[in-house]
Amino acid sequence: MPDNRFGWLKPIVLPALLALAVLIAGGVFLDRQSAILNEERMRASVLAEVALIRAKLEGNINSNIQLVRGLVSTISTEPAMNQERFSALVSNLFEEQSQLRSIAAAPDLVITMTYPLVGNERAIGLDYRANDAQRDAVLRARDSGKLVLAGPVDLVQGGRGFVGRFPVYTDTPTGQVFWGVISAVVDAGRLYADSGLLDRSSTINISISGKDGTGGAGRIFFGDDLSDQNPVTADVVLPAGSWQISAVPNGGWGAAQTNAWFLRIATIIAGALILVPIVITGRLMGERQQHFRELKAREADLARLSRRLGLALDTSKVGVWEMDTVTSELVWDDRMNELYGLPADGGKRGYEDWRAALHPDDFARADQDFADGIRTGRYQSEFRALHPNGEIRHIRTIGSVYADPGSNPKILGVNWDVTADAAHSEELRRANLLTEARNRELEIARVRIEHTALHDSLTGLPNRRYLDEELKRHAATGFENTGSIALLHMDLDRFKQINDTLGHAAGDAMLIHASTVLRANCRDADFVARIGGDEFVVLTSASDGDNYLGALAERVVRQMRQPATYEGHECRFGVSIGIAAERGVAIDVKRLLINADIALYRAKGRGRNRHEFFSDVLQAEVVNTKRVADEILNGLERDEFVAYYQPQFDAHTLDVVGVEALARWRHPVQGIKAPDSFLPIAEELNVVSTIDRLILEQSLAALDRWEAMGLGVPRASVNVSLRRLHDEDLITGLKQLDIAPGRISFELVESIYLDEGDAIVGWNIDQIKDLGIDVEIDDFGTGYASIVSLQKLRPKRLKIDRQLVHPILTDAAQRQLLMSIVDIGKSMGIEVIAEGVETMEHAAILRDLGCDILQGYAFSRPLSATDLEAFLGAQSWRKAS
């Protein structure tokens, strides 16, 4: 008889093998999908962190650059800025939140200013063109006209940093001129820390590579090479160059797959749960005759169990529940109790238990989602569960309605905890809000920096840069599309005296007052700007004609004359205005600026506190003045200014007692030119002191030569300008010349020694006397000299002006006046010189009136050194007398 003990295995072998194959394939697939999903979540999380770092890097670098651009704009309008002014401006930038470490200014590519100065003294004097390490970046900035950002580089002061080179251009009448560069050092460590790079080193690995504005090839300058770890990347867009951020989690992408083994064990358990029923079913099939009715019930249980297990395989760490939609009877597994903070005691649960566990704010929505799920047959929702201990968990649920034959409809579903996902979502939302807030701050900073770059911080008026933009905007169609532009260039008069006497605070108050006056007198559409220390510009239309422009200027001049009060002090100042207008299409705004400046120059030259219009005649004068000025400067370089000498004679013996050294210009084309043809322009050029010094040096050399020749010229009188008497180094220079006492006399006009309040002039005159240099008063009688001022000065000689000497031949009263002057001089022990002696009759009268020394054409005109030597050798004046 055959053994049937194992006959029940035959019908289940094939199904069991198929089921085992399906379970293995499904398990492998689920394991792979779980790994992929986990990596995607991690990549999304890492990318969110990288995006935040990128935004902070871009924001921090751009904010640093924008701060420095404001400084660049200021320097372009103040190219002659000194270290003190530079430090004051840059210190304001360092008060802003930034990563700036130092800023240096290099006009003509040589560093002359830096901030902070302490610790960076060695940088002063550095010539970028001679520095191999920095030359290429600086020249690139100069040649491209754009910012060049280099780095990170090792800093001499220690540490590493990024160096931004900003080219600076200044506007001149001939166009923009390259001034130099501003170098700003951004501290790399602070930049990394403020951008969050160091805060995330414990969670992710980060590297940064890229090329900077110098054009260098991309390289890794932060972190390690991650290219072989499939990193997430993000591009950092910079004003010069670009960087790429790469990042991976610490430990790699597979480090956080904590649920892999759990899933695998769950799969094995699930497989066992499926295979065991199959084996049992096979056994039951062998006994189906005895247990047919029990088998039907087991099949129903097996089907229900299979549906529950199928949903469990689709999720991880889930709780399974089932509810009768008619009786509200609810079945929870242990995981469900854990999710809702209830004890896993196997107790009965109902719909009210679920409702009681919901967060009050989520109840209405969750209840509606459940009702809709029962109605549609497909249930899905997400809500918060409030545990008895106050803990809040985020729950996600899905379910499906089904109905077994002969039973009530039921809904079967799963719940799982998504609190971590919700926290990550909230963190990402906060990061997005932070990014948006930072962007808003950057926009506000951009607007503020742009306003600061275009406006004067003291008066709030537009500055020179804003004026240039307005002129360009109106060049084609005129101001406000009127086909014309008028420009009033203004300069405050006596403003320096207010600054010097009451301080810069008073000066600032007067500038604000001046801006108020201008706004009050101009139309709303007019453009009012402050373009310099005490310079203002009004841009308006010229369509109303010159009468309107003149009336506007006159109103401004009149109101500026009115006193303004500052802290109880009455301040008075005026304004000079130059007006230029252009009409037609394609207006040359640069020429307009130059013309207004020329007109302002004329207004100041004609006495100030007035306005002048630009004209062709005025332009011709300016062109001629410019030509003469250039020739004077060239003449100084070519030693064209020489001394001519007019001898002075003893009134009684006619012996030569000295010479007056007079400046002459040996012009290469026009020949010898007298001082009245060049001195006014030389005064404007501030070279009269230089000419005086040249004449003094030539006179000393001539005296030595004449003494060697035996010509017997005892002294020489030279003119000295007021500007030279203001020179604090005058006495030092005179001491170096080793002038013998009585050998040289300085001729001073009355306006110099009457200025009793000038301490430097008074001190210099006293020192001149101590050096043995005589002091003479020139042109006496034409000014307002007093007896008291003569007593204070105690000059060696005074020279009666030729205007008083000429009429004595016919005017007895004039002779009496000269006699009085001579008596005053004699009473004070002062020698009297008469100049302008044109005839020997003049000489005789002046001798009889008591004059000590005579000088004039009656004896000799001014002569060159060579001609004077011949004149002295011939003694021709004695024959003429």
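The model shown is predicted, which means the values in this text are computed figures rather than measured ones.

Rules used in this analysis
Residues numbered from 1 in each chain as written. Predicted model: local features only at pLDDT ≥ 70, side-chain atom pairs only at ≥ 80, totals over all residues. Heavy atoms only, no water. Pairing = 2+ DSSP bridges. Helix = DSSP H or I, 4+ residues; strand = E, 2+ residues; numbered from the N terminus. Contact = heavy atoms within 4.5 Å. Axes fitted to C-alpha atoms, helices over the stretch in contact; angles between N-to-C directions. Buried < 20%, exposed > 50% of the residue type's maximum accessible area, 1.4 Å probe, protein only. Lys, Arg positive; Asp, Glu negative; His and termini not counted. Salt bridge = Lys/Arg side-chain N within 4 Å of Asp/Glu carboxyl O. Expected span 1.5 Å × (residues − 1). Parallel < 35°, antiparallel > 145°, perpendicular 65-115°, else oblique. Left-handed = near helix turned anticlockwise from the far one by under 90°. Nonpolar A, V, L, I, M, F, W, Y, C, P; charged D, E, K, R; others polar. pLDDT = per-residue confidence, 0-100. Core = buried A, V, L, I, M, F, W, Y, C linked by side-chain atoms within 4.5 Å. Patch = residues over 30% accessible without salt bridge, like charges linked within 9 Å, V, L, I, M, F, W, Y side chains within 5 Å. Areas by Shrake-Rupley, 256 points an atom, 1.4 Å probe, with all protein chains shown as cover. Polar contact = N/O pair within 3.5 Å; in protein donor to acceptor, adjacent residues only side chain to side chain. Arc of directions from axis to C-beta.

## Some words on the sheet that holds strand β10 (residues 318-324)
Inference 1: The 6 strands are arranged β12-β11-β10-β15-β14-β13 in an open sheet whose pairing can be described as antiparallel. Here the strands that pair on one side only, and so sit at the sheet edges, are β12 (349-350) and β13 (378-386).
Inference 2: For β10 and strand β11 (residues 329-332), the ladder comprises 3 bridges, and the chain directions are antiparallel. Following the sheet pairing, Trp321 is matched in β11 by Trp332.
Inference 3: Most of the contacts of helix α9 (residues 363-376) go to β13, to which it runs at about 160°, and overall it touches β10, β13, β14 (392-402) and β15 (410-417).

## Side note on the side chain of Lys673
Inference 1: When you line up the elements, Lys673 lands in strand β25 (residues 671-673).
Inference 2: One buried charged residue, Lys673, forms no salt bridge at all, with the nearest opposite charge on Glu631 at 5.5 Å.

## Describing unusual backbone geometry
Negative phi is the rule for most residues except glycine; trans is the rule for most peptide bonds.
Inference 1: Residues Tyr115 and Pro116 are joined by a peptide bond in cis, for which omega reads -5°.
Inference 2: On the secondary structure map, Pro116 appears in the loop between β2 (113-115) and α3 (132-144).
Inference 3: Backbone geometry at Leu109 places phi at a positive 65°, although glycine is not the residue there.
Inference 4: By the secondary structure assignment, Leu109 is in the loop between β1 (100-107) and β2.
Inference 5: Positive phi, normally seen in glycine, also occurs at Asp639, with a value near 55°.

## Topic: helix α18 (residues 688-709)
Owing to its 3.6 residues per turn, the α-helix aligns residues three or four sequence positions apart on the same side.
Inference 1: For α18, which comprises 22 residues, the first-to-last C-alpha distance of 31 Å matches the rise-based estimate of 32 Å (1.5 Å per residue) to within 8%.
Inference 2: Val688, Ser689, Ile691, Asp692, Leu694, Ile695, Leu696, Ser699, Leu700, Ala702, Leu703 and Trp706 are the residues of α18 that are buried.
Inference 3: Just downstream of α18 lies Gly710, where phi reads positive at about 75°.

## A few points about the packing of helix α25 (residues 812-827) against helix α26 (residues 840-849)
Inference 1: Remark: α25 packs on α26, axes separated minimally by 9 Å, with the N-to-C direction vectors making an angle of 45°. The angle between the axes of α25 and α26 places the two elements in the oblique class. For the crossing formed where α25 meets α26, the hand is right-handed. Contacts between α25 and α26 involve Arg815, Leu818, Met819 and Val822 on the former and, on the latter, Ile845, Leu846 and Leu849.
Inference 2: For the contact of α25 with α26, the residue count by class is 6 nonpolar, no polar and 1 charged.

## Focus: the confidence of the model for the protein
Inference 1: Here the protein shows a mean pLDDT of 84. Residues at 70 or above account for 90%.
Inference 2: No element of the protein has a lower mean pLDDT than helix α21 (residues 750-753), which averages 60, and none a higher one than strand β23 (residues 641-650), which averages 96.

## Observations concerning the nonpolar core
For soluble globular proteins, the rule of thumb is that nonpolar side chains tend to be buried together.
Inference 1: Among the nonpolar cores identified, the biggest contains 76 residues, and Ile744, Phe746 and Ile800 are the most heavily contacted of them.
Inference 2: The element best represented in this core is α18, accounting for 9 residues.
Inference 3: Not counting chain neighbours up to four residues away, the residues in contact with Ile744 comprise Leu696, Leu700, Leu703, Ala716, Val718, Ile739, Gly772, Ile773 and Asp774.

## Describing the pattern of salt bridges
Inference 1: Under the criterion given, the structure shown has 49 salt bridges.
Inference 2: Notably, a salt bridge pairs Asp127 with Arg129, separated by 3.2 Å at the nearest N-O pair.
Inference 3: On the accessibility criterion, Asp127 (25% relative accessible area) is partly exposed.
Inference 4: Given a relative accessible area of 40%, Arg129 falls into the partly exposed group.
Inference 5: Each of Arg715, Asp774, Glu776, Arg797 and Glu831 takes part in salt bridges that share partners, so that together they form one network.

## Section: the pairing of strand β27 (residues 744-749)
Inference 1: For β27, the tally of buried residues reaches 5 of 6 residues, placing the bulk of the element in the interior.
Inference 2: Inspection of the sheet shows strand β26 (residues 716-719) paired to β27 by 4 bridges, in the parallel sense. Among the inter-strand pairings, Ser717 is bridged to a residue of β27, identified as Ser745.
Inference 3: Sheet topology note: the β27/strand β28 (residues 774-780) ladder contains 5 bridges and is parallel. Note that in β28 the partner of Phe746 across the bridge is Val775.

## Notes on the sheet that holds strand β21 (residues 574-583)
Inference 1: Taken together, the 5 strands give an open sheet; going across it, the order is β17-β18-β16-β21-β22, and neighbouring strands pair in mixed fashion. The strands lining the two open edges of the sheet, one partner per strand, are β17 (527-530) and β22 (611-613). Each neighbouring strand pair of the sheet contributes to a mean axis angle of 20°, computed without reference to strand direction.
Inference 2: Of the strand pairs in this sheet, strand β16 (residues 484-493) and strand β18 (residues 535-540) are connected by 6 bridges, and their pairing is antiparallel. When the bridges of β18 are listed, Leu487 appears paired with Leu539.

## Examining the side chain of Asp324
Inference 1: Positionally, Asp324 belongs in strand β10.
Inference 2: No salt bridge forms around the buried Asp324; measuring N to O, its nearest opposite-charge neighbour Lys410 is 5.0 Å away.
Inference 3: What Asp324 contacts, discounting residues up to four positions off in sequence, is Glu329, Asn408, Pro409 and Lys410.

## Overview of a nonpolar patch on the surface
Inference 1: Taken together, Leu20, Ile24 and Val28 make up a surface patch of nonpolar side chains, about 270 Å² in accessible area.
Inference 2: Looking at the secondary structure, you find Leu20 in helix α1 (residues 10-77).

## With respect to the pairing of strand β30 (residues 831-835)
Inference 1: Across the 5 residues of β30, 4 count as buried, placing the element largely inside the fold.
Inference 2: Across 4 bridges, the pairing between strand β29 (residues 797-800) and β30 is parallel. Opposite Lys799, over in β30, you have Ile833 as the bridge partner.
Inference 3: Of the strand pairs in this sheet, β30 and strand β31 (residues 853-855) are connected by 3 bridges, and their pairing is parallel.

## Quick look at the environment of Thr74
Inference 1: Take Thr74: it is sitting in helix α1.
Inference 2: For Thr74, a relative accessible area of 22% translates into the label partly exposed.
Inference 3: Along the chain, Thr74 and Leu454 lie 380 residues apart, while their C-alpha atoms are 9.5 Å from each other.
Inference 4: The residues touching Thr74, leaving out its near neighbours within four places in the chain, are Met81, Arg85 and Leu89.
Inference 5: A distance of 3.1 Å separates the side chain of Thr74 from the backbone oxygen of Gly70, its partner in a polar contact.

## Quick look at helix α20 (residues 730-737)
Inference 1: Those residues of α20 not exposed but buried are Leu730, Ile731 and Leu734. Looking straight down α20, one finds that the buried residues subtend no more than 90° of arc, so they occupy a single side. Projecting away from the buried face of α20 at angles above 90 degrees are the exposed residues Lys735 and Gln736.
Inference 2: Elements in contact with the buried residues of α20: α18, α19 (722-725), β27 and α22 (759-770).
Inference 3: Asp738 occupies a position one or two residues after α20 and carries a positive phi of about 55°.

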